[in-house]
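Chain and residue survey
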Amino acid sequence: MVDLENEVPPLPPRYRFRDLLLGDQGWQADDRVQVEFYVNENTFKERLKLFFIKNQRSSLRIRLFNFSLKLLSCLLYIIRVLLDDPRERNGCWGCSNQSHNVTYIERSPIIWVDRSLPLWGLQVTVALISFFETMLLAYLSYKGNIWEQILRISFILEMINTVPFIITIFWSPLRNLFIPVFLNCWLAKHALENMINDLHRAIQRTQSAMFNQVLILISTLLCLIFTCICGIQHLERAGNNLTLFDSLYFCIVTFSTVGFGDVTPQIWPSKLLVVIMICVALVVLPIQFEQLAYLWMERQKSGGNYSRHRAQTEKHVVLCVTSLKIDLLMDFLNEFYAHPRLQDYYVVILCPTEMDLQVRRVLQIPMWAQRVIYLQGSALKDQDLLRAKMDDAEACFILSSRYEVDRTAADHQTILRAWAVKDFAPKCPLYVQILKPENKFHVKFADHVVCEEEFKYAMLALNCICPATSTLITLLVHTSRGQDGHQSHEQWQKVYGKCSGNEVYHIKMEESTFFTEFEGKSFTYTSFHAHKKYGACLIGVKREENKNILLNPGPRYIMSSTDICFYINITKEENSAFIKQNEQSINSISNTIYHGASRLPVHSIIASMGTVAIDLQDTRCRPPAGPTLTLPSDGAKENRRPSIAPVLEVADVSSIQACDLLSDHSEDEANHSDEEVSSAPEYVKGYPPNSPYIGSSPTLCHLLQEKVPFCCLRLDKGCQHNYNEDAKAYGFRNKLIIVSAETAGNGLYNFIVPLRAYYRPKKELNPIILLLDNPPDVHFLEAICWFPMVYYMVGSIDNLDDLLRCGVTFAANMVVVDKESTMSAEEDYMADAKTIVNVQTLFRLFSSLSIITELTHPANMRFMQFRAKDCYSLALSKLEKKEREKGSNLAFMFRQPFAAGRVFSISMLDTLLYQSFVKDYMISITRLLLGLDTTPGSGFLCAMKITEDDLWIRTYGRLYQKLCSSSGDIPIGIYRTESQKLTTSEPHGSVLRRQSQVSISVEDWEDTKDTKEHMSYCTNHYHRNSTSSDQSDHPLLRRKSMQWARRLSRKAPKHSNKVTERINRQRMTLCKRSERQELAELVKTRMKHLGLSTTGYDEMNDHQNTLSYILINPSPDMRLELNDVVYLIRPDPLAYVPNSKPSLKISVCNNSGGGQDTKDDTQL
């Protein structure tokens, strides 16, 4: 065993018992050494240098004292000149009759002056102080080279102005010696420059270089003039004895190149001084002006500063962008200044790039030049944020550059800008636009965030089930007065333009004239009667204690006086005037409020309404799609006419009960056979288990009980679980929805969720086919494998074989998403070129297919489904130009692709972020309408179609009443489709009429046995009901050649040769074959080559002879037409489900994209 005591080292000898008691002080004193740092700064020279040079504040004080001292010396010189009169001195040089010439000059007046003793004492004191200060600073600034200090111009001037005064102290005869003290003005200029620099360092602020250069220029000019004035005045003591004012007059006249000649120098020294000063001015001043002009140009490029005084007295917002395009700028300015209360705001643009020529021209317009300030700088620099006065701004808009090829990198730049602004100005409200949904959680702290891909894909998805949802949302978020198209000659353009002025507004119920009288009533009762009485459509409310907005909370919701009401109207209530009418007119209006357009007698209208009865409601569970309103049976029609139940003030609670919508069985399968039910997969309602990104809103959806293997998600390749290799083999019950995208980004997840939401009926779920250029990653497949009938296929939209394999001939809608790779086009507007041409090819190949396209630039909408010879398209183009000249924010709204909802640009939703500055609820309402957010108790957007059995309702107001009284739905608009017309009241109407008549006459002459190509024309009206496809199918030249061939065949003798007849028939068949038939043959050939059946391909079905448009919140007396699609906000089925026995049949066509009925579903 080792002895531990032997291993312990002994204590040092100095450690005694006293050391243990007193501690280790003695050891510390012996071994430790205190080290002092920066001892070199403790010397006397370093302390002086710290006080005079290094320390910013003390150095500023010293320089200010030096500047004051130089100004004082110049002031004393002026006083000496004013007190000195050379003519009063004794001596011959003071004689008044003394003559002067160039060869002989009396030098005494130039060398000697009259200086009083007090003045001499002051000047000597100033000289002594300046001398010692100069020598001290030279000593402190000495770095080993003495000549560098001596040969400096400032040191030489100090010696010239101080040493002679010090000599006069010791030699009194020299007290009247002339000393050029006026040269201290240059020392004062030098001190002023140093003082400005120290001032900037002391207060930690960088003044603009422009200010410094202007200050230097002004001080240089003043010094030149002051030196010339004093020099000429002193030299002319031996000549004309000029005063200071005469010298000032001479210098101003000379330097301004006027040269009157009344005051001139008489002796050569003064003339030489003038020559020298002019030469110096010609050299120094141009250099100063050149630097000033350069700085001015640089300032014009980078912008100036938004002054602190303006920021504190005026309101301004800051717009941060990566690169400022003219379209983005005009959209922001037009939308921002469309609100009356924002007219006094200023817009400060902070952009790192130089202002381009187009933006510069726009900002020079007086309307914008006084409101918009452009600053070139980065939001990551505190100096630039300080220039924009970000801490005093009312709001900061941070927009991403969507034209970048790498959208993720663009988002990263936006995130850093948002962080920088939040760090610099924590109280400034942030309005952030982000591109990728996975980057949204990085800017969650912002007050308002708009994720572009979230909104884009959700809007494209709703376009497939609620036609033209993109146009509906775009019109709602744009500010308009509803005056677009009011001078048009076509009725649909007038109505469409007027209804486009509807926007979403809010008001507190107790402050409202529209809704205050309905306090304590149900939501549906309030909405119906407010629309009936005022034309305002109430769509949502918000409790005072709740932050969530509820869209159509349903008939069980009771209105409270503190509720915030959200409604759709042409203008907000505060800007409306209410005209009260007498009782007689009110009674007449109440009787005919829904029948203004019918123009029927009152007794006929009352008779047609029949008896009013309240339909009893049963206690059965209502399906999620809502009630089906049906007409009475034949027996019931004999007894009474169809009726509409009144809207109850308070809903009957006993008849409204909750329904278990989370169960696997519903009435969707009630009408199906046992074989269909057994073969159909089992769906469950639940939340998707895998979200592709952080921050996605949970939505209750239709899901599979078990997730699908990844191999089964591939449509065109079979696997061990599934042997199908094309869309037809799957035997889908409903038509397809095909999405063409470049990559399977996380935003594509938001396309699937609205189409699989729990409130969509199971029987109306459309299969979704993702046509991707690049294979999706595992994370995306993991997110979509739980959704029913979702497949993907690797292929391209410009490949006909890929389109046929994915089932384009069986598709109801084809969604074409703009590709990121096309953003690298040299010309910005050419980024959509590939997409437009591909869609045009689809349009020609599959004319019956409803194609929904996303474009980058809204200006390219005019190229969608382009027809060069279509006269109606040319008329719409002319109308668009007129509206643009009038300053319309939506000049392209009358273009048929946009009005019909077949084209959409995400840049049109930029106004959603701009409107949030005034309407902070717009983003929340838009997300609820698109299904991006699901708030308990809030309704959802859907659509239903008007059939022939529904036309007895007649008007929109009666439909409003029927929906509110039966199902609790709130209608917000109509999607109308009608035949295409062109009136001849346009200036070129006669030309169009003649062209139409020519085509009609030729068409009538031809053989019309083929019913597919037969078109009927009405000769009593000056319009046509066809499209330009007929012109392309039957070119005029081809028709004339056919006429000529037929006439020759009639005149020629008939041959009995069968070979000749067969050749003639083949020749005539080829001549008659149109372009449409050629394309159809091409498609059929490729389908046969791929082994696909051609039965589902309808080659001659052309639905392009119609026009579609949206009527937002139409008037109650608007007549309903066949195939109208009504937009509805349906109550949340999970909150409550009223059950009723309906009395009207209106088919709910959530899959009515393009206005097609569900009866046209194709059995594959």
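Scope of this entry: the structure provided in the associated data block. Remember, predicted model here, so these are calculated numbers, not experimental data.

1. Describing the packing of helix H4 (residues 44–54) against helix H5 (residues 56–83)
Taken N-terminus to C-terminus, the directions of H4 and H5 make an angle of 70°; their axes are 6 Å apart at the nearest point. For the element pair H4 / H5, the angle class is roughly perpendicular. Within the contact between the two elements, H4 uses Leu50, Phe51, Phe52, Ile53 and Lys54 and H5 uses Gln56, Ser58, Ser59 and Ile62. Among the residues forming the contact of H4 with H5, the class breakdown is five nonpolar, three polar and one charged.

2. What about a nonpolar patch on the surface?
A cluster of nonpolar side chains, contributed by Tyr142, Ile146, Trp147, Ile150 and Leu151, occupies part of the molecular surface with about 520 Å² of accessible area. Along the chain, Ile150 falls in helix H8 (residues 146–150). Note on Ile150: relative accessible area 30%, which makes it partly exposed.

3. What about unusual backbone geometry?
Even without glycine at this site, Lys389 takes up a positive phi of about 50°. We note that Arg954 has phi near 75°; this positive angle belongs to a residue other than glycine. Checked against the element boundaries, Arg954 lands in the loop between strand S20 (940–945) and helix H37 (956–966).

4. So, the sheet that holds strand S14 (residues 736–741)
Spatially, S16-S15-S14-S17-S18-S19 is the arrangement adopted by the six strands of the open sheet, whose pairing is parallel. The sheet is open, and its two edges are formed by strand S16 (790–794) and strand S19 (903–905), each paired on a single side. Across this sheet, the average inter-strand angle for adjacent strands is 20°, counted without regard to direction. Note: strand S18 (residues 850–855) against S19, three bridges, orientation parallel. Looking across to S19, one finds that Leu855 is bridged to Ser905. The sheet strands contacting helix H32 (residues 833–845) are strand S17 (811–816) and S18, and the helix crosses S18 at an angle near 175°.

5. Some details on the pattern of salt bridges
Using the criterion set out here, one finds 24 salt bridges in the structure. Glu193 is the salt-bridge partner of Lys189, the closest N and O atoms lying 2.8 Å from each other. Taken together, the residues Lys189 and Glu193, both in helix H10 (residues 184–202) and four residues apart, mark about one turn of the helix. With a relative accessible area of 17%, Lys189 lands in the buried category.

6. Digging into the nonpolar core
One finds Phe336, Phe397, Phe751 and Met814 to be the most contacted residues of the largest nonpolar core, which totals 202 residues. Of the residues forming this core, the biggest block, nine residues, is contributed by helix H20 (residues 452–465). When neighbours within four sequence positions are excluded, Phe336 is seen to be in contact with Val317, Leu342, Tyr345, Val347, Phe397 and Phe917. By size, the runner-up hydrophobic cluster in this structure holds 40 residues, among which are Cys223, Leu224, Cys251 and Leu273.

7. A short note on the packing of aromatic side chains
Applying the stated criterion across every chain, the model contains 34 aromatic pairs. Considering the side-chain rings of Tyr759 and Phe940, the 3.7 Å spacing of their centres and the 15° angle between planes classify their relative orientation as stacked. Residue Tyr759 is located in the loop between helix H29 (749–755) and strand S15 (768–772), and its partner Phe940 is located in strand S20; the two are separated by 181 residues in the primary sequence. Phe940 sits in the buried class, given a relative accessible area of 4%. The structure contains a cluster of three or more aromatic residues connected by ring pairs, namely Phe332, Phe336, Tyr337, Tyr345, Trp368, Phe397, Tyr431, Tyr914 and Phe917. Note that Arg175 overlies the ring of Trp120, its terminal NZ or CZ placed 4.3 Å from the centroid. Stacked on the ring of Tyr505, the Lys or Arg Lys919 has its end atom at 4.3 Å from the ring centre.

8. With respect to the side chain of Thr479
Mapped onto the secondary structure, Thr479 falls in the loop between helix H21 (469–477) and helix H22 (491–499). A distance of 2.4 Å separates the side chain of Thr479 from the side chain of Glu335, its partner in a polar contact. There is a polar contact of 3.2 Å between the side chain of Thr479 and the side chain of Gln915.

9. Some thoughts on the sheet that holds S20
An order of S20-S23-S21-S22 is seen for the four strands of this open sheet, with the pairing classed as antiparallel. What marks the edges here is a single partner per strand, and that holds for S20 and strand S22 (1106–1112). The average undirected angle you get between the axes of adjacent strands in this sheet is 25°. Sheet topology note: the S20/strand S23 (residues 1125–1130) ladder contains six bridges and is antiparallel.

10. Quick notes on the side chain of Thr935
Within the secondary structure, Thr935 sits in the loop between helix H36 (922–930) and S20. Owing to a relative accessible area of 17%, Thr935 belongs among the buried residues under this scheme. When near neighbours in sequence (up to four residues on either side) are disregarded, Thr935 contacts Asn548, Ile549, Leu550, Leu928 and Asp1132.

11. Description of the environment of Tyr77
Assignment of secondary structure puts Tyr77 in helix H5. Along the primary structure Tyr77 and Phe182 are separated by 105 residues, whereas in three dimensions their C-alpha atoms are 6.6 Å apart. When residues no more than four places from it in sequence are discounted, the contact partners of Tyr77 are Gln123, Phe178, Ile179, Val181, Phe182, Cys230, Gln233 and His234.

12. As for empty space enclosed by the protein
One pass over the structure, following the stated rule, counts eleven cavities of 30 Å³ or more. Taken as a whole, the largest cavity holds about 190 Å³ of empty space. What lines the largest cavity is a set of 20 residues, among which Lys456, Tyr457, Val817, Asp818 and Glu820 lie closest to the centre. Secondary structure elements with two or more residues in the lining of the largest cavity: H20 and S18. The biggest single contributor to the lining of the largest cavity is H20, with four residues. For the lining of the largest cavity, the residue count by class is six nonpolar, three polar and eleven charged. Around the second largest cavity sit 13 residues that line it, and Ser73, Val126, Ala127, Asn161 and Asn184 are the ones nearest its centre. For the lining of the second largest cavity, the secondary-structure elements that each account for two or more residues are H5, helix H7 (117–141) and helix H9 (153–170). Of the residues contributing to the lining of the second largest cavity, the split by class is five nonpolar, six polar and two charged.

Reading the values: the criteria
- Residues numbered from 1 in each chain as written.
- Predicted model: local features only at pLDDT ≥ 70, side-chain atom pairs only at ≥ 80, totals over all residues.
- Heavy atoms only, no water.
- Axes fitted to C-alpha atoms, helices over the stretch in contact; angles between N-to-C directions.
- Helix = DSSP H or I, 4+ residues; strand = E, 2+ residues; numbered from the N terminus.
- Parallel < 35°, antiparallel > 145°, perpendicular 65-115°, else oblique.
- Contact = heavy atoms within 4.5 Å.
- Nonpolar A, V, L, I, M, F, W, Y, C, P; charged D, E, K, R; others polar.
- Patch = residues over 30% accessible without salt bridge, like charges linked within 9 Å, V, L, I, M, F, W, Y side chains within 5 Å.
- Areas by Shrake-Rupley, 256 points an atom, 1.4 Å probe, with all protein chains shown as cover.
- Salt bridge = Lys/Arg side-chain N within 4 Å of Asp/Glu carboxyl O.
- Buried < 20%, exposed > 50% of the residue type's maximum accessible area, 1.4 Å probe, protein only.
- Pairing = 2+ DSSP bridges.
- Core = buried A, V, L, I, M, F, W, Y, C linked by side-chain atoms within 4.5 Å.
- Phe/Tyr/Trp six-rings, centres within 6.5 Å; stacked < 30°, edge-to-face > 60°.
- Lys NZ or Arg CZ within 6 Å of the ring centre and 35° of its normal.
- Polar contact = N/O pair within 3.5 Å; in protein donor to acceptor, adjacent residues only side chain to side chain.
- 1 Å grid on protein atoms, 1.4 Å probe; cavity = no way out; pocket = protein on both sides within 12 Å on 5 of 7 lines; lining within 4 Å.
- Points joined across faces, edges and corners; volume = space filled by probe spheres on them.

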